[in-house]
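# Tertiary structure, described
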Amino acid sequence: MKTIVICSGGLDSVTLADKISAEHELVGLVSFDYGQRHRKELDYAARAAERLGVKHDIIDMRGIGASLTGSALTDDVDVPDGHYAEETMRITVVPNRNAIMLTIAFGIAAARQADAVATAVHGGDHFIYPDCRPAFTEAFEAMQKQALDGYADVSLYTPFVRVPKSAIVEEGARLGTDFAQTWSCYKGGAHHCGRCGTCVERREAFDLAGVTDPTVYDDPDFWKAAVEKAR
């Protein structure tokens, strides 16, 4: 299965790239610059592509992202601290982001005669991100079958969509993913902050998976209180 992976440079998508490289035919990584608070994560996606020996495309969506206002990831709004299960994390939603990215990726896959587009959405995303849920990914694939009917047959591959992030850590450990060469933090500092939703989720996932976390956090213990508060 010739597959293009949407890769942000985060733990989930880099693990997915390793999985595709091991189990299918990885033909390239596609990343998106949508005007996010920092581009640091894209450097990690580029490193993954270089390591895996595949083409890496960075799609400039900054013009589109400028119109997707109201998110802490694109606007001058503070990124909240805490667990994803808290209502405050809804400020990190970028409206329709995944639908836009997937549409572009499917067009690229069709043009390059790839069989599938893979994305690393997972069960932990479901609470606040509607475009990471199985209902969305299934509907999107059905829509693309119609959009490309008679021209290309491209599937949407989402092996993590029904599992928690800890299962992705377990899979990455099995595959030998270099977790230290992934970036999750929304704040884009010298190190992972350890306090934003994605840092808390990352640290919790390693703990649940029983895998040593190589990540350097500015606040390495905050996650415990955040997880307890969210229960």
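Treat the numbers as computed from the prediction; the structure is a model and nothing was measured.

Mapped onto this structure's residue numbering, the UniProt feature "binding site: ATP" (unreviewed entry) falls at Cys7, Ser8, Gly9, Gly10, Leu11, Asp12, Ser13, Val14, Thr15, Leu16 and Ala17. Within the fold, Ser8 resides in the loop between β1 (2-6) and α1 (11-23). Every residue in contact with Ser8, bar those within four places of it in the chain, is listed here: Ser13, Glu41, Leu42 and Ala45. A polar contact of 3.1 Å, which involves the side chain of Ser8, links it to the backbone nitrogen of Gly10. Along the chain, the position of Ser13 falls in helix α1. Classification of Ser13 by relative accessible area gives buried; the value is 5%. Ignoring anything within four residues of it in the chain, the contact list for Ser13 reads Val5, Ile6, Cys7, Ser8 and Ala120.

A word on the pairing of strand β2 (residues 25-33). Across the nine residues that make up β2, a large majority, seven, are buried. Two elements, β1 and β2, share five bridges in a ladder whose sense is parallel. Considered in β2, the bridge of Ile4 is made with Gly28. As a crossover connection, the stretch from β1 through α1 into β2 is right-handed. With six bridges joining them, β2 and strand β3 (residues 55-60) adopt parallel strand pairing. Bridging from a neighbouring strand, Val30 pairs with Asp57 of β3.

Another aspect to go through is the side chain of Thr177. Residue position: Thr177 is located in the loop between α6 (165-175) and α7 (197-209). When sequence neighbours within four positions are dropped, the list of residues in contact with Thr177 reads Val14, Thr15, Asp18 and Gly172.

Bringing the pattern of salt bridges into the picture now. Under the defined criterion, the tally for this structure stands at 15 salt bridges. Measuring nitrogen to oxygen at the nearest pair gives 2.8 Å for the salt bridge that ties Lys165 to Asp12. With Lys165 in helix α6 and Asp12 in helix α1, this residue pair connects regions lying 153 residues apart in the sequence. A single network of salt bridges, built from pairs that share partners, joins Lys19, Glu23, Glu171 and Arg174.

The next thing to look at is unusual backbone geometry. Backbone phi values are negative for most residues with the exception of glycine, while trans is the configuration of most peptide bonds. One non-glycine residue, Gln113, lies in the positive phi region at around 60 degrees. Note on placement: Gln113 falls in the loop between α4 (97-111) and β4 (116-118). Classification of Gln113 as exposed rests on a relative accessible area of 64%.

As a further point, take the packing of aromatic side chains. Using the criterion set out here, one finds four aromatic pairs in the structure. Taken together, the aromatic side chains of Phe106, Phe136 and Phe140 make up a single cluster linked through ring pairs. Here Lys40 stacks its cationic end above the ring of Trp183, 3.9 Å away from the centre of that ring.

Rules of the game
- Residues numbered from 1 in each chain as written.
- Predicted model: local features only at pLDDT ≥ 70, side-chain atom pairs only at ≥ 80, totals over all residues.
- Heavy atoms only, no water.
- UniProt positions renumbered as here; feature names shortened; annotations may be inferred.
- Helix = DSSP H or I, 4+ residues; strand = E, 2+ residues; numbered from the N terminus.
- Contact = heavy atoms within 4.5 Å.
- Polar contact = N/O pair within 3.5 Å; in protein donor to acceptor, adjacent residues only side chain to side chain.
- Buried < 20%, exposed > 50% of the residue type's maximum accessible area, 1.4 Å probe, protein only.
- Pairing = 2+ DSSP bridges.
- Right-handed = clockwise from strand over helix to strand, strands pointing away.
- Salt bridge = Lys/Arg side-chain N within 4 Å of Asp/Glu carboxyl O.
- Phe/Tyr/Trp six-rings, centres within 6.5 Å; stacked < 30°, edge-to-face > 60°.
- Lys NZ or Arg CZ within 6 Å of the ring centre and 35° of its normal.

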